[in-house]
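Structure assessment
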Amino acid sequence: MDWNAIVQAILSPGPQVVVSALIMILGFAFGMKASRAILSGLYLGVGFVGMTMAINALVAAVSPAAKALAVHTGINLPTVDFGWTGAAAITWAWPLAFAFFAVEIGVNVIMLLTKTTDTINADMWNVWGIALTAYTVFSFTSSYLWAFVAGAIQVVIMLKLGDMWRDEIHDLLGYPGVTTTHIEAFTAVIMWPVNRLMDFIPVFNMQWDAKTLKKRIGILSEPVVMGFIIGLILALAGRYSVGNALNLAVTTGAIMAIFPVMAKFFMDSLTPFGTTMSDFMKKRFKNRDFVIGLDWPILGQSTELWVTMVILIPVSILYAAVLPGNTILPFAGVINYCLGVGGLLLTGGNLLRMVVLGVIYEPVFLYAGTYFSNVFTELAKSTKAIKVPAGSQVSWSSMEAPDLRYLMAKGFQGNWLQIVLLIALLALFWVVYRSFKKNPIPAKRYRKTVAKGTKTSSAKAEA
């Protein structure tokens, strides 16, 4: 029996079908009425479809402008950026990819039984990200053992990320009983030290969320207006004609306005589901409060998320032009979800912090895209899942958790310096995790600081 073919057939409809079906099944298991369980599943599917359509429309609109900007800055880089869709395609084509469903489920069950997590990961679609980490390690070590160890480590991290973000997501978006387990949120770990330094700079301790900005600057804070302005600037930087520039501006403004509307379906799906699941678990498991781990688009309601990622588009293009040694031009991966998601959850939606952190950490992803181009090209050629242009390489300019994947690949290869750095990174992750367990909702911390009218650091506010 070809298990790989079976798994591929199940996943082929996409996350909007797979995850929606899982939510329906879990809804029945948790005792939801059939009508509510079905509606929760369907609304979740609508949310994913709507969000995907909006994201694809945004990419389609801004990619030509980004390419035009690159042309006018004289960039000529040989590595083709195929984005997450290309990375997913070649990873699912790897014969061992399906085996990581067992790794993900097995580790999750063990951690639930040992009470080392309260997250039940339903994000089965993104198992390919675990498989990609495993293949990356295998390509460096030629060891299947280390590949599976790396995959298991990533699962543990994803589940602990789910535990870490649950209160923050509830506070920001109002979703009870759900979290995100996507590994791209791991970017918050390397952002954390700089974010802590920002705690001692008064301007960063002010409220910079969309609601506060609306009070300060009025109409300019509306998503449609911010999208219009950003799109216009990007178009003019790419030397568009006035008509085409206005067209892009209106399009980006419209898409920015659509994101919160699409996210409402997540609210309609996840609020009754989360409440039912929480009640079910509390009755049967004393002192346990489980959450369901889902994909990152459940965060799409946040205006700060999209504003940050769109602002960083020209920043990434300019970095690509000037960074020595970079060979990749951001194109399919020009919208860096890692910076947006990690920054949003780490800062509680502080837009100023998110943008500054994005500017600081964008080079990490470009250099990762350059470094791992051989790995992606080798996998693409061996699986024949996509065609690699003659004389070119393929890679991903916004690769998720590049620091973790690099250090595991080099560390398991036997490089002692990378082993030490991997241990240090995991230790930092634990520090960040403990910090969020102690103070789980940074947005409230900033609100408290502003309400007191003080410019003290968050460290003092916590004390």
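Computed from a predicted model, the values in this text were never measured in an experiment.

The next subject is the environment of Val203. You can see Val203 is positioned in the loop between helix H8 (187–198) and helix H9 (210–217). Accessibility expressed as a relative area gives 35% for Val203, which makes it partly exposed.

Note that Pro193 resides in helix H8. When its relative accessible area of 34% is taken as the criterion, Pro193 is described as partly exposed.

Looking at soluble globular proteins, one finds that nonpolar side chains tend to be buried together. Trp165, Phe186, Leu299, Ile335, Phe376 and Leu404 are the most contacted members of the largest nonpolar core, which has 130 residues in total. Counting residues per element, this core draws most heavily on helix H3 (residues 34–72), at 13 residues. Contacts of Ile335, omitting those with residues within four sequence positions, involve Leu58, Val59, Val62, Met309, Ile313 and Ser398.

Moving on to helix H5 (residues 100–113). The terminal C-alpha atoms of H5, which comprises 14 residues, lie 20 Å apart, in line with the 20 Å expected from a rise of 1.5 Å per residue. Every buried residue of H5 is listed here: Phe100, Phe101, Val103, Glu104, Val107, Asn108, Met111 and Leu112. Looking down the long axis of H5, one finds its buried residues gathered within 165° of arc, a one-sided arrangement. Those residues of H5 that are exposed and angled more than 90 degrees off the buried face are Ala102, Ile110 and Leu113. Following H5 by one or two positions, Lys115 has its phi on the positive side, about 60°.

Our next topic: the packing of aromatic side chains. Per the stated rule, a full pass over the model turns up 17 aromatic pairs. Look at Trp165 and Phe436: their rings are 5.0 Å apart centre to centre, the planes differ by 85°, and that puts the pair in the edge-to-face class. Placement of the pair is Trp165 in helix H7 (residues 144–173) and Phe436 in helix H17 (residues 416–438), with a sequence separation of 271 residues. No difference in accessibility class separates Trp165 from Phe436, as the two residues are buried. Following the ring pairs from residue to residue traces out a cluster consisting of Trp94, Phe100, Tyr135 and Phe148.

On to unusual backbone geometry, then. Even without being glycine, Lys115 reaches a positive phi, approximately 60°. For Lys115, the location among the structural elements is in the loop between H5 and strand E2 (119–121). Phi angles above zero are rare outside glycine, and Ala401 is one such case at about 45°. According to the relative accessible area criterion, Ala401 is buried, its value standing at 1%.

Of all 10 residues making up helix H16 (residues 402–411), 9 are buried, and the element is well covered by its neighbours. If you check which residues of H16 are buried, you get Pro402, Asp403, Leu404, Arg405, Leu407, Met408, Ala409, Lys410 and Gly411. Of the surrounding secondary structure, the elements contacted by the buried residues of H16 are helix H6 (127–141), H7, H8, helix H14 (351–371) and H17.

The next point concerns the side chain of Ser398. Within the secondary structure, Ser398 is located in the loop between strand E5 (393–395) and H16. By relative accessible area, which is 4% here, Ser398 ends up buried. A polar side-chain atom of Ser398 sits 3.1 Å from the main-chain carbonyl oxygen of Gly333. In this structure Ser398 touches Gly333, Ile335, Asn336, Cys338 and Phe365, once residues within four positions along its chain are discounted.

Further remarks concern the sheet that holds strand E3 (residues 178–180). On the basis of which strands lie adjacent, the open sheet formed by 3 strands has the order E2-E4-E3 and parallel pairing. Each of the sheet's edge strands pairs with one partner strand only, and the pair in question is E2 and E3. Strand after strand, the sheet turns through a mean of 35° between neighbouring axes, direction not considered. Two strands pair when backbone bridges link them, and E2 and strand E4 (residues 291–294) are joined in this way by 3 bridges, in the parallel orientation. From the neighbouring strand, Asn121 faces E4, where its bridge partner is Gly293.

Rules behind the numbers
- Residues numbered from 1 in each chain as written.
- Predicted model: local features only at pLDDT ≥ 70, side-chain atom pairs only at ≥ 80, totals over all residues.
- Heavy atoms only, no water.
- Helix = DSSP H or I, 4+ residues; strand = E, 2+ residues; numbered from the N terminus.
- Buried < 20%, exposed > 50% of the residue type's maximum accessible area, 1.4 Å probe, protein only.
- Core = buried A, V, L, I, M, F, W, Y, C linked by side-chain atoms within 4.5 Å.
- Contact = heavy atoms within 4.5 Å.
- Expected span 1.5 Å × (residues − 1).
- Arc of directions from axis to C-beta.
- Phe/Tyr/Trp six-rings, centres within 6.5 Å; stacked < 30°, edge-to-face > 60°.
- Polar contact = N/O pair within 3.5 Å; in protein donor to acceptor, adjacent residues only side chain to side chain.
- Pairing = 2+ DSSP bridges.
- Axes fitted to C-alpha atoms, helices over the stretch in contact; angles between N-to-C directions.

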